[in-house]
Amino acid sequence: MKEQIRVLIDEETVHAKIQELAEQINRDYEGKKVHLVCILSGSVFFTCELAKYIKVPLTMDFMRVSSYGDGTASSGSISIDHDLKISIEDRDVIIIEDIVDSGRTLTFLSNMLAKRNPKSLKICALLDKPECRVSQVEIAYTGFTIGDLFAVGVGMDYAQKYRNLPYIGELELKED
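Just so it is clear, the model here is predicted, and its values are computed rather than measured.

### What to know about the sheet that holds strand 2 (residues 34-40)
Link 1 in the chain: Strand order in the open sheet formed by 6 strands is 4-3-2-5-6-7, and the pairing between neighbours is mixed. Taken across any chain shown, the strands that pair with only one partner, and hence form the sheet edges, are strand 4 (79-82) and strand 7 (141-145). Taken pair by pair, the neighbouring strands of this sheet meet at an average axis angle of 30 degrees, ignoring direction.
Link 2 in the chain: Pairing geometry for strand 5 (residues 92-100) and strand 6 (residues 120-128), over 8 bridges, is parallel. Looking at strand 6, one finds that glutamate 97 is bridged to alanine 125.
Link 3 in the chain: Sheet strands in contact with helix 1 (residues 11-28) are strand 5, strand 6 and strand 7, and its direction is about 160 degrees off that of strand 7.
Link 4 in the chain: The sheet contacts of helix 3 (residues 104-114) involve strand 2, strand 3 (58-66), strand 4, strand 5 and strand 6, and relative to strand 5 the element is tilted by about 165 degrees.

Dropping the structure here:
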């Protein structure tokens, strides 16, 4: 199979949207502290870029949650490979995700984290694929809504490749 990447959202548009999301967070959390939970590995690029523009005090922690493996579709099986190191009790928490697809992972994660008694718990996603939703999840901050395609770049990968692309691309697999 030959892999081709088609630019879906260019670098400048991605950058502007991340700044816009940070401005929304700044308004919503004015006078408060926010705790970002970055979902590794795909969200690390997005989280770091977003954090640069958040002006309210923030702390950050990381979780690794698996549901894709090396395929192009969610396996439906969710595992926590790395849990938080910082307690989220009585904190205003925003889960930072690169892409919301089926919604299973974020539903699982939101339910799990809600049991840890945060003051508030919201989700921020760079990409949303609502037509692929199997489990409904509320996203407070959405960058872009896309169709049912496989996105790479800005941290999103295919078999650990293409994370470093500064734009969001659509992966197309073609027979040689």
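### Some words on the sheet that holds strand 8 (residues 151-152)
Link 1 in the chain: Taken in spatial order, the 3 strands of this open sheet run 1-9-8, and their pairing is antiparallel. Since the sheet does not close on itself, it has two edges, and those belong to strand 1 (2-9) and strand 8, each with one partner.
Link 2 in the chain: Both strand 8 and strand 9 (residues 168-174) contribute to a ladder of 2 bridges, which runs antiparallel. Looking across to strand 9, one finds that valine 152 is bridged to glycine 169.

### Concerning the pairing of strand 3
Link 1 in the chain: Here 7 bridges tie strand 2 to strand 3, and the two strands are oriented parallel to one another. Within strand 3, the residue paired with leucine 40 across the bridge is arginine 64.
Link 2 in the chain: Two elements, strand 3 and strand 4, share 3 bridges in a ladder whose sense is antiparallel. Bridging across to strand 4, arginine 64 finds its partner in histidine 82.

### Remarks on the pattern of salt bridges
Link 1 in the chain: What the rule picks out here adds up to 9 salt bridges.
Link 2 in the chain: Between aspartate 101 and lysine 129 there is a salt bridge; the shortest N-O distance is 3.2 Å. One end of the pair, aspartate 101, is in the loop between strand 5 and helix 3; the other, lysine 129, is in the loop between strand 6 and strand 7, with 28 residues separating them in the sequence.
Link 3 in the chain: Judged by relative accessible area, which is 13%, aspartate 101 ranks as buried.
Link 4 in the chain: One salt-bridge network, held together by shared partners, links Arg6, Glu170 and Glu172.

Cut-off values and rules
Residues numbered from 1 in each chain as written. Predicted model: local features only at pLDDT ≥ 70, side-chain atom pairs only at ≥ 80, totals over all residues. Heavy atoms only, no water. Pairing = 2+ DSSP bridges. Helix = DSSP H or I, 4+ residues; strand = E, 2+ residues; numbered from the N terminus. Axes fitted to C-alpha atoms, helices over the stretch in contact; angles between N-to-C directions. Contact = heavy atoms within 4.5 Å. Salt bridge = Lys/Arg side-chain N within 4 Å of Asp/Glu carboxyl O. Buried < 20%, exposed > 50% of the residue type's maximum accessible area, 1.4 Å probe, protein only.

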